[in-house]
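Remarks on the overall topology
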Amino acid sequence: MDFIPLSSPDIQEKDINAVVNVLRSGMLVQGENVERFEAAVSELTGSPFAVAVSNGTATMHLSLIALGIGIGDEVIVPAFSYVATANVVELVGAKPVFVDIDINTFNIDVNQVENAITSRTKAIIPVHEFGLACDIEAIMIIANKYGLYVIEDAACALGATQNSKSVGTFGNAGSFSFHPRKAISSGEGGMITVNDKDLSKELKILRNHGLSFETGKMDFVKAGYNYRMTDFQAALVVSQMERFQKTLEKKRKLANIYLSSLKGSGLTLPLVPTDRPHTWQTFHVLVDNSIDRDNLIIRLRENGVGTNYGAQCIPAQTYYFDKYDINSKKYFPNAWLAYTKGLALPLYEKLSDSQIEQISQIVKDLTN
Ligand SMILES: *Cc1c(COP(=O)(O)O)cnc(C)c1O
């Protein structure tokens, strides 16, 4: 059996040709393909406005800035996510306030959010972890009650919904990433979905050095950033957008094979709430307490299967531990459990049914 990596982007000839066409045109930065990409994400999510930027972290950084969040403010984030979710809060000088996750879904535990709200709280960044929508409806009820902004970290959740409404359209801003680990990829890339026209204008000014054409001529109205996407990156991902629904269907089919073939292994399998279909950016399981997860990763690699832990317990990372000194094991037991016993298995478009069955068999052999 050839080695099966944890992830591998599906780049086809036609995607490559789309990139080459842009390179030949000489128009390399933020042109018609970026606009096409924005329109495609608007259509897929049902969001009236979409603003492409250079990566998924930039989406959240710019959103926080555009919403005026900064020094002295607090922002609620889940304790278990990719570290960028909290880093962006630090980048604007605000304080991330961590909330534990629900161990069944790996998403923020909505029952603990209100306890974390103080007079300084300005926003919540809920994460749609691993491609499963969090209970964003419940989050919006809390946010509206306390007058908080919501930036949805939907970096890995393109196509995810709650009651048929797309993630990224509930809060003030939705953040998507197109890193190669996500369902479709531009190499590096990000998209902000917003309902508010003024906010979308502000984000477009901020991503491009503070440049505005509002008065009909070039005018630099802010000290902005350069968070533009290149046009060849956009072309690469626009080409993949055309088969996105098929990609999603294929991944759901593969995930269902895992769900049935991994029954009876030493693993807790992911739960899928009925109102929130999973998009399976990551197939993330928990290994039983008796199993040494890190050793299992090594043994799976020896057996030809690439796996890794799924996401970080953020307050336990050196920067956050040194700064806030929180005992994660005690205060965020579920985030700690997911961080120490979580395992991401290979799941992407290019894998076949039989490869998923093979992986399942190896996992079962090593965990029983
Ligand atoms: C991938 C990811 C990010 C960061 O996206 P980049 O495009 O790599 O900057 C942020 N949050 C979550 C939950 C992610 O999975």
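Residues numbered from 1 in each chain as written. Predicted model: local features only at pLDDT ≥ 70, side-chain atom pairs only at ≥ 80, totals over all residues. Heavy atoms only, no water.

**So, the overall build of the protein**
The helix and strand tally for the protein stands at 13 helices and 16 strands. Computed over the C-alpha atoms, the radius of gyration of the protein is 21 Å, within 12% of the 21 Å expected from 2.2 N^0.38 for a compact globule of 368 residues. Burial analysis of the protein (368 residues in total) assigns 57% to the buried set. Put simply, of all contacts in the protein between residues at least 6 apart along the chain, 71% involve residues at least 24 apart. For the protein, the exposed area adds up to about 15,700 Å²; of that, 49% sits on carbon and sulfur atoms. Each charge class in the protein was averaged separately, 34 positive and 40 negative side chains, and the resulting centres sit 1 Å apart. (Helix = DSSP H or I, 4+ residues; strand = E, 2+ residues; numbered from the N terminus. Rg over C-alpha atoms; globule rule 2.2 N^0.38 Å. Buried < 20%, exposed > 50% of the residue type's maximum accessible area, 1.4 Å probe, protein only. Contact = heavy atoms within 4.5 Å. Areas by Shrake-Rupley, 256 points an atom, 1.4 Å probe, with all protein chains shown as cover. Lys, Arg positive; Asp, Glu negative; His and termini not counted. Charge placed at Lys NZ, Arg CZ, Asp CG, Glu CD.)

**Re a nonpolar patch on the surface**
Taken together, the side chains of Leu 23, Leu 28 and Val 29 make up a nonpolar region of the molecular surface, amounting to roughly 240 Å² of accessible area. By the element assignment, Leu 28 lies in the loop between α1 (13–25) and α2 (32–45). (Patch = residues over 30% accessible without salt bridge, like charges linked within 9 Å, V, L, I, M, F, W, Y side chains within 5 Å. Salt bridge = Lys/Arg side-chain N within 4 Å of Asp/Glu carboxyl O.)

**Brief notes about the layout of surface pockets**
Put simply, the largest pocket is a space of about 550 Å³. Tyr 82, His 179, Arg 181, Lys 182 and Gln 281 are, among the 27 residues lining the largest pocket, the residues nearest its centre. Put simply, the parts of the chain that give the lining of the largest pocket at least two residues each are α3 (56–66) and α4 (84–91). Residue composition of the lining of the largest pocket, grouped by class: nine nonpolar, 13 polar and five charged. (1 Å grid on protein atoms, 1.4 Å probe; cavity = no way out; pocket = protein on both sides within 12 Å on 5 of 7 lines; lining within 4 Å. Points joined across faces, edges and corners; volume = space filled by probe spheres on them. Nonpolar A, V, L, I, M, F, W, Y, C, P; charged D, E, K, R; others polar.)

**Focus: the site of the ligand**
Every one of the 14 residues lining the ligand counts as a neighbour, but Gly 56, Thr 57, Asp 153, Ser 177 and Lys 182 are closest to it. At a separation of 2.7 Å, an oxygen atom of the ligand approaches a polar backbone atom of Gly 56. The side chain of Ser 177 places a nitrogen or oxygen atom 2.7 Å from an oxygen atom of the ligand. In isolation the ligand exposes 380 Å². Once the protein is present, 91% of that is buried. Most atoms of the ligand, that is more than half of them, are within 2 Å of grid points of the largest pocket. Looking at the shell around the ligand, the elements that each hand over two or more residues are α3 and α4. (Near = heavy atom within 4 Å. Polar contact = N/O pair within 3.5 Å; in protein donor to acceptor, adjacent residues only side chain to side chain. Sits in = over half its atoms within 2 Å of the grid points.)

Take it as geometry only, folks, not as evidence of what the structure does.
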